[in-house]
Amino acid sequence: MTEQRVDIAIVGGGMVGAALAVALAQRDFSVAVVEARVPPQAWDDGYDLRVSAITRASQRLLDNLGVWAAIVADRATPYRHMHVWDRPGIGEIHFDAADLAEPDLGHIVENRVIVRALWQAFDSAGVDVRAPEGLRRLHADADGAVLQLDDQSEIRAGLVVAADGARSQVRDLVGIATRHEPYDQHAVVATVHAELGNRATAWQRFMRDGPLALLPLQRDHFSIVWSTHPDDAAHLVELPVDDFNARLTDASEARLGALTLQGRRAAFPLRLQHAERYVQPGVALVGDAAHVIHPLAGQGVNLGFLDAGALVDALCDGRDAGRAPGALRVLRRYERARRGHNTATQLAMDGFKRLFSNDRVALSLLRNVGLGTAGRIAPLRRLFERVALGYGVELPSLSRGAHRADA
Ligand SMILES: Cc1cc2nc3c(=O)[nH]c(=O)nc-3n(C[C@H](O)[C@H](O)[C@H](O)COP(=O)(O)OP(=O)(O)OC[C@H]3O[C@@H](n4cnc5c(N)ncnc54)[C@H](O)[C@@H]3O)c2cc1C
């Protein structure tokens, strides 16, 4: 049986795990990534269904890792405005980057573009990749972790990080439970063309069955995330294209003109999920393995990048103090840095979702007053904008100014 020894083993090389791997390797930790699927490195011109709204804090982190330029060169769409409006069409908020003296409010990027840029940085950073590869057994304690892989090899690590997504196998194997609740919503995702063009604007409309988000892409395309009742989501995926286009254009109140489907549609079940703890001796959870939130404010992977940044800070400081990476004292610092913010964001999204899906008249009035008022009161608007930009939380070093380890 072959055996490898590393400081940190990361299970899951998605956006969060890959970013963490590059950051740690650039800081001279030895790192192995175990990933079940080799992500695609090439594709045709069409858009992928999975995209993310990337905040300024995440952009900085990716820039400090040296991959943002490659992401922009590949395909990233900045947006300068955001319109949010309510179902009856009375309440409305408009966000404008110019009010904040910012060039934009964020970027819409395909998940696969981010993953490819990070995987291309593995070599120069010195990350060892095991993919496609599965995990068979795992033992972890304060002295570290032993991972047995499907190919019979073993990795011994000072710390194992679960970055293996919402259904984390690592989390299950080490016995960390989750508090979870399915939403009565599925998200329909698709790429559409907008008659009135991109206008560097993201749109979100709250409707009784869930929010509809339209995220701008290049060439007047938009990525839609349409959260609705599961039966309706299944229906929307199956509808003849012309009928789908008509329903979507109607749901958007034709604010972008006629919307026409490009390519396929898919539906994802939505859930609220939070791990009971993020750490235990020799183990840390990051990204969706730790928390899953409603996509209505597009915060999921942004929270995951902040987790990765906070874990990097905790591990670097722990090393400076002569502590092992799996020591609970080191890992608790990471958990303290992130749990409160993730919980607050999760509750805020859940509250929004419930407020806007409730049909009672009083709530409807409150919503309209709320949105109308928020639109008028400058400080509240500023607060919304700072969340959109990913500020308003103590940021890890990697999400602050220029901080490149290899610079
Ligand atoms: C419809 C929808 C829209 C969204 N829009 C946004 C948005 O606009 N902005 C935003 O910030 N977030 C958004 N999100 C959330 C975002 O997609 C997730 O938060 C993000 O993908 C989490 O990244 P991750 O790296 O933690 O996990 P994942 O992306 O799930 O990656 C996990 C990785 O681990 C691998 N893996 C899994 N199990 C194993 C195993 N046992 N062994 C080895 N490898 C394994 C997988 O192959 C995968 O590569 C959205 C989510 C949905 C459903």
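In short, a report on the structure. Please read all numbers here as calculations on a predicted model, not as lab measurements. (Residues numbered from 1 in each chain as written. Predicted model: local features only at pLDDT ≥ 70, side-chain atom pairs only at ≥ 80, totals over all residues.)

**Some remarks on the overall build of the protein**
And then number 1: When you go through the protein residue by residue, the secondary structure sums to 11 helices and 19 strands.
And then number 2: Burial analysis of the protein (407 residues in total) assigns 48% to the buried set.
And then number 3: Counting only contacts in the protein whose residues sit at least 6 apart along the sequence, the fraction spanning at least 24 positions is 75%. (Helix = DSSP H or I, 4+ residues; strand = E, 2+ residues; numbered from the N terminus. Buried ≥ 20, exposed ≤ 12 C-beta atoms within 10 Å, placed from the backbone. Contact = placed C-beta atoms within 7 Å.)

**A look at the nonpolar core**
And then number 1: In terms of nonpolar packing, the biggest core is built from 117 residues, with Ala 9, Ala 19, Leu 20 and Val 160 touching the most fellow members.
And then number 2: Among all residues touching Ala 9, those that are not within four sequence positions of it are Ala 32, Val 34, Ala 145, Leu 147, Ile 155, Ala 157 and Val 160. (Core = buried A, V, L, I, M, F, W, Y, C linked by C-beta atoms within 7 Å.)

**Brief notes about the site of the ligand**
And then number 1: With respect to spatial proximity, 32 residues lie near the ligand, and among them Gly 12, Gly 14, Gly 165, Gly 287 and Gly 300 are the closest.
And then number 2: Of all elements in the fold, only helix 1 (15-26), strand 3 (51-54), strand 12 (178-194) and helix 8 (300-320) reach the threshold of two or more residues within the shell around the ligand.
And then number 3: With 4 residues, helix 8 is the largest single contributor of residues to the shell around the ligand.
And then number 4: Of the residues that constitute the shell around the ligand, the class distribution is 14 nonpolar, 14 polar and 4 charged. (Near = placed C-beta within 6 Å. Nonpolar A, V, L, I, M, F, W, Y, C, P; charged D, E, K, R; others polar.)

**Looking at the packing of helix 3 (residues 68-75) against helix 4 (residues 111-125)**
And then number 1: Following both chains from N to C, one finds helix 3 and helix 4 inclined at 135 degrees, their axes separated by 9 Å at the closest point. What the angle tells us is that helix 3 and helix 4 run oblique. By crossing handedness, the relation of helix 3 to helix 4 is classed as right-handed. Touching Ala 70, Ile 71, Asp 74 and Arg 75 of helix 3 are Val 113, Ile 114, Ala 117 and Gln 120, all from helix 4.
And then number 2: A per-class count over the contact of helix 3 with helix 4 returns 5 nonpolar, 1 polar and 2 charged. (Axes fitted to C-alpha atoms, helices over the stretch in contact; angles between N-to-C directions. Parallel < 35°, antiparallel > 145°, perpendicular 65-115°, else oblique. Left-handed = near helix turned anticlockwise from the far one by under 90°.)

**Remarks on the environment of Ala 233**
And then number 1: Topologically, Ala 233 is positioned in helix 6 (residues 230-238).
And then number 2: Filtering out sequence-adjacent residues up to four positions away, Ala 233 remains in contact with His 186, Val 188, Thr 228 and Ala 267.

**Some details on the sheet that holds strand 4 (residues 76-79)**
And then number 1: Taking strand neighbours across the sheet as the criterion, the 3 strands line up as 3-7-4 in an open arrangement whose pairing is antiparallel. Each edge of the open sheet carries a strand with a single partner, namely strand 3 and strand 4. On average, each strand axis in the sheet is tilted by 25 degrees relative to the strand beside it, whichever way the strands run.
And then number 2: Note that strand 3 and strand 7 (residues 106-110) share 4 bridges and pair antiparallel. Its bridge partner lying in strand 7, Ser 52 is registered against Val 109.
And then number 3: In the packing of helix 4 onto the sheet, contacts are made with strand 3 and strand 7, and the angle to strand 7 comes to roughly 85 degrees. (Pairing = 2+ DSSP bridges.)

**Topic: the packing of helix 2 (residues 56-64) against helix 8**
And then number 1: At a minimum axis separation of 9 Å, helix 2 and helix 8 run at an interaxial angle of 45 degrees. Relative to helix 8, helix 2 is oriented oblique. In the packing of helix 2 onto helix 8, the handedness of the crossing is left-handed. Contacts between helix 2 and helix 8 involve Ala 57, Ser 58 and Leu 61 from the former and Asn 302, Phe 305, Leu 306 and Gly 309 from the latter.
And then number 2: Classifying every residue of the contact of helix 2 with helix 8 gives 4 nonpolar, 3 polar and no charged.

**Comments concerning unusual backbone geometry**
And then number 1: Following Ala 131, the chain continues into Pro 132 via a peptide bond in cis, with omega recorded as -5 degrees.
And then number 2: The residue Pro 132 is located in the loop between strand 8 (128-130) and strand 9 (135-141) in this model.
And then number 3: Positive phi values are uncommon outside glycine, yet Ala 200 reaches one of about 50 degrees.
And then number 4: With respect to the helices and strands, Ala 200 occurs in the loop between strand 12 and strand 13 (201-207).
And then number 5: One non-glycine residue, Arg 219, adopts positive backbone phi at about 55 degrees.
And then number 6: As for its position among the elements, Arg 219 is in the loop between strand 14 (210-216) and strand 15 (221-228).
And then number 7: Residue classification places Arg 219 among the exposed positions, given that 11 C-beta atoms sit within 10 Å.

**Looking at the pairing of strand 12**
And then number 1: Of the pairings in the sheet, the one linking strand 12 to strand 16 (residues 259-275) comprises 14 bridges and is antiparallel in character. Counterpart to Pro 182 in the pairing with strand 16 is Arg 271.
And then number 2: Two elements, strand 12 and strand 15, share 8 bridges in a ladder whose sense is antiparallel. Paired with His 186 across the strands is Thr 228, a residue of strand 15.

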